[in-house]
Amino acid sequence: MVSSQVLQKTIDELRAITRIDLCVLSLEGQKVASTFSEEGFEPEYVREFVKSPADSQVLQAYHFFKIYDDQNVEYVLVTSGGSEDAYMIGKIAVCEIQNLIVAYKERLDKNNFIQNLLLDNLLLVDIYNRAKKLRIDTEARRVVFIVETKYEKDNSAMETIKSLYASKPKDYITAIDEKNIIIVKEVKEADTYEELDHVAKTLVDMLNVEAMSQVRVSYGNIIHEIKDVSRSYKEAKMALEVGKIFYADKIIVPYNNLGIGRLIYQLPIPLCQMFMKEVFGEQLPDTFDEETLTTINKFFENNLNVSETSRQLYVHRNTLVYRLEKLQKSTGLDIRVFDDALTFKIAMMVVSYMKYMETQD
């Protein structure tokens, strides 16, 4: 169904050119869009015209026309005056609105197809048959972006993205849930992952400025066949989740740069629990006080450099060494030693993963 705003804009443009008033009515005679100053038309006249076999007729100095969707009457168009000009403008308006109906139906069909494609709800043969019917290229290079908005149903963010890609008919914008906007983007043969990162940054900047929306963006790997769009979507979805758990400070998370977070994310929880008990026993790292955690994180940020860490923490070098030795006594790990530091870092990431999974249950 074409929106009333689009219909109003269409007949406003025709009115500006032709100086002839037009009105689009529902089959019950209710006004959908109009340039008339009058209140409306008698609903009974409209219903009788809809039931009649005629495609157009003149009634009380007005031209009435039927607007079809396939073989079914969708709207009634009325033009003022019974002249030949009013008849000709009416026929033009009918043709334009019927073309709009076809275009909107095709767009809705494409949106439905893309959503089912992302969710892997289609058989392989159906993917190629429907893509051909909808005139969608089956062998183009594509990648899936996910834009997660801070608030549910962020319409301003959706409209901003649609306006950004309005001139790119081969890119598809859709949504499957309340917070995520999905972009299935076609990429050129020469485009690299650096270019995808630039696209992600453009999205973030545009949404921050235009829609005043705080967003996180992730994207999957580039695929070469339409059947693999769902794989790129799953990768982008995983990247978004992994980013929340392990890289909370990043607002752009590509699937091809998840590092060890990707491995930990796919571990079963019982295996994680077993690993934690082996390393720490009953005292998990999240039970450490805030000062200890700050010291550990800053020590890792500075690549195990004691002098630089003490400088940034504004503590004496000996104080930092004391804290690290105290940590060693409680955990059995000396994070000044690379192997122990690596074990501790992985353990901290596993804890973050376990805590996140608890919130999802």
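Scroll up for the structure.
Residues numbered from 1 in each chain as written. Predicted model: local features only at pLDDT ≥ 70, side-chain atom pairs only at ≥ 80, totals over all residues. Heavy atoms only, no water.

1. Quick notes on the overall build of the protein
Inference 1: Scanning the protein from terminus to terminus reveals 13 helices and 10 strands.
Inference 2: Counting only C-alpha atoms and orienting by the principal axes, one finds that the protein spans roughly 100 × 45 × 40 Å.
Inference 3: Here the protein holds 361 residues, and 44% of them are scored as buried.
Inference 4: In the form shown here, the protein has an accessible surface area of approximately 20200 Å², with 50% of it arising from carbon and sulfur atoms.
Inference 5: Side chains of the protein carry 44 positive and 56 negative charges; the gap between the two charge centres is 3 Å. (Helix = DSSP H or I, 4+ residues; strand = E, 2+ residues; numbered from the N terminus. Buried < 20%, exposed > 50% of the residue type's maximum accessible area, 1.4 Å probe, protein only. Areas by Shrake-Rupley, 256 points an atom, 1.4 Å probe, with all protein chains shown as cover. Lys, Arg positive; Asp, Glu negative; His and termini not counted. Charge placed at Lys NZ, Arg CZ, Asp CG, Glu CD.)

2. Details of the pairing of strand S5 (residues 72-80)
Inference 1: Strand direction decides the pairing type here: strand S1 (residues 22-25) and S5, joined by four bridges, are antiparallel. Residue Cys-23 lies in a different strand from S5, and its bridge partner there is Val-78.
Inference 2: Bridge count between strand S4 (residues 62-69) and S5: eight bridges; the pairing is antiparallel. Residue pairing for S5: Ile-67 is matched across the bridge by Tyr-75.
Inference 3: Hairpin connection of S4 to S5: two residues between the antiparallel strands, including Asp-70 at a positive phi of 60°. (Pairing = 2+ DSSP bridges.)

3. Concerning the environment of Thr-192
Inference 1: Note on placement: Thr-192 falls in the loop between strand S8 (180-186) and helix H6 (193-209).
Inference 2: Assessed through its relative accessible area of 42%, Thr-192 is described here as partly exposed.
Inference 3: The spacing of Thr-192 and Lys-150 is 42 residues in sequence and 29 Å in space, taken between C-alpha atoms.

4. As for the sheet that holds S8
Whether parallel or antiparallel, the strands of a sheet pair through hydrogen bonds between backbone atoms.
Inference 1: Spatially, five strands are ordered S7-S8-S6-S9-S10 in an open sheet, and the strand pairing comes out mixed. Among the strands making up the open sheet, the edge pair consists of strand S7 (172-175) and strand S10 (252-254). When strand polarity is set aside, the average angle formed by the axes of neighbouring strands in this sheet is 20°.
Inference 2: Of the strand pairs in this sheet, strand S9 (residues 215-219) and S10 are connected by three bridges, and their pairing is parallel. By the bridge assignment for S10, Ser-218 is matched with Val-253.
Inference 3: Packing against the sheet, helix H7 (residues 229-246) makes contact with strand S6 (142-149), S8, S9 and S10, and its axis sits at approximately 35° to S6. (Axes fitted to C-alpha atoms, helices over the stretch in contact; angles between N-to-C directions. Contact = heavy atoms within 4.5 Å.)

5. Considerations on the sheet that holds strand S3 (residues 56-59)
Inference 1: One open sheet accounts for five strands, arranged S2-S1-S5-S4-S3; its pairing is antiparallel. Looking along the sheet, the strands with just one partner apiece sit at the ends: strand S2 (31-34) and S3. With direction set aside, neighbouring strand axes in the sheet form an average angle of 25°.
Inference 2: Where S1 lies against S2, three bridges are found, and the strand directions are antiparallel. Looking across to S2, one finds that Cys-23 is bridged to Ser-34.
Inference 3: The strands touched by helix H1 (residues 4-18) within the sheet are S1, S2 and S5, with S2 carrying the most contacts at an inclination of about 35°.
Inference 4: Lying over the sheet, helix H2 (residues 43-51) contacts S1, S3, S4 and S5, oriented at roughly 55° with respect to S4.

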